[in-house]
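# A look at the structure
Listed below, chain by chain, are the residues.
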Amino acid sequence: MLDIRYRIDRMKVLHALRESGPTETQAQRVDELCQARDEDGMFALLEGATLTPLARKTFEVIRQARLVGERLTELSRTIPLPHEKIQELYPQMRDIRLEYERLTTEADRAMTRV
């Protein structure tokens, strides 16, 4: 399972969205951005792309994971370590992960029906 707190795993999810509605040109650009490890570029491109409803929900969940993940990373680099602030973010990240898992399960079910 991917750990969407981290950029590399979020980029894998964003790259997979290339199969869910973007034009061929946009999909090729997603490939290029992924190879360049340009998460910002991938978000910007997919923001304007036409995605399936399920892919759009997944995109929004990954956007939320990015915000919380970056905040966790920022806090973990602070000295002294702000344990209370970090602990406050974990329930939020858990909820985001659960929503992502629900969406991927829903996508898996949809694929098996086809």
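Residues numbered from 1 in each chain as written. Predicted model: local features only at pLDDT ≥ 70, side-chain atom pairs only at ≥ 80, totals over all residues. Heavy atoms only, no water.

Bringing the environment of glutamine 26 into the picture now. Within the secondary structure layout, glutamine 26 lies in helix α2 (residues 24-35). Setting aside residues up to four positions removed in sequence, glutamine 26 forms contacts with Leu45, Gly48 and Ala49. For glutamine 26, the side chain forms a polar contact with the main-chain nitrogen of threonine 23, separated by 2.9 Å. (Helix = DSSP H or I, 4+ residues; strand = E, 2+ residues; numbered from the N terminus. Contact = heavy atoms within 4.5 Å. Polar contact = N/O pair within 3.5 Å; in protein donor to acceptor, adjacent residues only side chain to side chain.)

In a regular helix each residue adds 1.5 Å, so twelve residues correspond to 16 Å; α2 covers 17 Å between its end C-alpha atoms and thus fits that length. Residues Gln26, Ala27, Val30 and Leu33 constitute the buried set of α2. On an axial view of α2, the arc spanned by its buried residues comes to 120°, and they lie on one face. For α2, the exposed residues set more than 90 degrees away from the buried face come down to Glu24, Thr25 and Gln35. Those residues of α2 that are buried lie in contact with α1 (7-16) and α3 (39-48). Immediately downstream of α2, the backbone of arginine 37 shows phi near 55°, a positive value. (Expected span 1.5 Å × (residues − 1). Buried < 20%, exposed > 50% of the residue type's maximum accessible area, 1.4 Å probe, protein only. Arc of directions from axis to C-beta.)

As far as function goes, none of this settles anything; it's purely spatial.
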